[in-house]
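This is what each chain is made of:
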Amino acid sequence: MADITVTEHLLLHQKRTPQATGQFTGLLYDLILSGKSISRRINKAGLLDILGGTGEVNVQGENVQKMDAIANRIMIYRMERCGALCAMSSEEEAELIRVSSEFPRGDYILIFDPLDGSSNIDVNINVGTIFSILRRPEGHTGEVTLEEVLQPGLQQVGAGYILYGPSTMLVLSTGQGVHGFTLDPGVGEFLLSHPDMRIPEQGHIYSVNEGYWRDWDEPTREAVNWFHNCESPDGSPYSSRYVGALVADFHRTLIYGGIYMYPPDANKPDGKLRLMCEAAPLAFLAEQAGGKASDGRRRILEHKPERLHARTPLFIGSRKDVEAVERIYAKHAKA
Ligand code: P6P
């Protein structure tokens, strides 16, 4: 395969979607640059004494790791200057960030988790950046209101993630399929390595933290138990895999198929994952790749968030595996 850079790929995409202005391509270019900067810092994390926590707690009530704070600062600094945004929201920031008039602004809104799974950093396990791109609703001018940002995932014009692992990968969709790019550190470019990614219709791996078994309700226990007993397409039992980093667990699910589950529990009735910066972007990718994403009852992309950091249960991956979970919840709902 010829070395197609992500920039070439985007320009190709821009030709196909006349409404895609240079703004959108510029937005993605600076998002990719942010990812390269974060990747470089992470690869040296053990050597630059930036491991461990900062002692602060974020809006999610989670201990802020040093790399969280660094990744968050890199994203905000770079993206407020990209000229394509009117507002952005970070998982690490309680409030909406309105792009200041001192910078060139545009019509897009960026929602991101700068470093998902950061508790894995100290043990050198994958982490990732997740992003979701919305457009400002037509005809709105002046200061961006929160209501303009709280859009259901169906409104996304782009979404993706950067996975920092043995290699750094960018997985991206702008509504024309899902494409994976691998960073060639030698030239500092993301090169097309996984064109047109498709989730298998059914997988053989289920991914969930079974440590919460005692906190789950009956439908959830029955849904997880389904994967203890069902057979994969080749007749073998399912395997269990759980990295503890959503981006890594989702990436494996995207490639091998199967299902990632973060169910609600007695202590987290809406689950743990954030709708706007985690579930919705990955649901966009899952559906673009032929898979499904649901909260067990409803399609994730149809959720209209009530607030910026709204949480949702998440069942995402192969169509048949997600549908098995939905059938179980539906059966209990009727009972
Ligand atoms: P638990 C990381 O904090 C995260 O948001 C996801 O990346 C990951 O899948 C999940 O939480 C892990 O949560 O409760 O299983 O430790």
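Remember, predicted model here, so these are calculated numbers, not experimental data. (Residues numbered from 1 in each chain as written. Predicted model: local features only at pLDDT ≥ 70, side-chain atom pairs only at ≥ 80, totals over all residues. Heavy atoms only, no water.)

(A) Spatial organisation of the UniProt feature "binding site: Mg(2+) 2" (unreviewed entry) in the chain. In the UniProt entry, the feature "binding site: Mg(2+) 2" (unreviewed entry) is given for D113, D116 and E278. Separation in sequence by 166 residues is not matched in space for these annotated residues, since their most distant C-alpha atoms are only 8.6 Å apart. Along the chain, D113 turns up in strand β5 (residues 108-116). Residue classification places D113 among the buried positions, given a relative accessible area of 1%. Aside from chain neighbours lying at most four places away, what touches D113 is E91, G128, T129, I130, C277 and E278. With respect to the secondary-structure elements, E278 resides in helix α7 (residues 275-288). With relative accessibility at 0%, the residue E278 sits in the buried group. Residue contacts for E278: discarding those within four places in its chain leaves E91, D113, D116, I130, L246 and L273. A distance of 2.7 Å separates a polar atom in the side chain of E278 from the backbone nitrogen of R274. (UniProt positions renumbered as here; feature names shortened; annotations may be inferred. Helix = DSSP H or I, 4+ residues; strand = E, 2+ residues; numbered from the N terminus. Buried < 20%, exposed > 50% of the residue type's maximum accessible area, 1.4 Å probe, protein only. Contact = heavy atoms within 4.5 Å. Polar contact = N/O pair within 3.5 Å; in protein donor to acceptor, adjacent residues only side chain to side chain.)

(B) Representation of the sheet that holds strand β7 (residues 158-164) within the structure. A sheet is described by the order of its strands in space; here eight strands give the open sequence β4-β3-β5-β6-β7-β8-β9-β10, paired in mixed fashion. Each edge of the open sheet carries a strand with a single partner, namely β4 (97-98) and β10 (189-194). Sheet topology places strand β3 (residues 85-90) next to β4; two bridges connect them, and they run antiparallel. In the sheet register, A87 faces β4, and the bridge partner there is R98. Each of β3, β5, β6 (127-135), β7, β8 (168-173), β9 (179-184) and β10 is contacted by helix α2 (residues 22-43), which is oriented at about 165° to β6, the strand it contacts most. Together, β5, β6, β7, β8 and β10 form the strand contacts of helix α6 (residues 246-256), whose direction differs from that of β7 by roughly 105°. (Pairing = 2+ DSSP bridges. Axes fitted to C-alpha atoms, helices over the stretch in contact; angles between N-to-C directions.)

(C) Up close: the site of the ligand. Not every one of the 14 residues close to the ligand is listed here, only the nearest: D116, Y212, Y242, L246 and Y262. D116 is positioned such that a nitrogen or oxygen atom in its side chain is 2.7 Å from an oxygen atom of the ligand. Between Y212 and the ligand, the recorded distance is 2.6 Å, taken from a side-chain N or O atom to an oxygen atom. (Near = heavy atom within 4 Å.)

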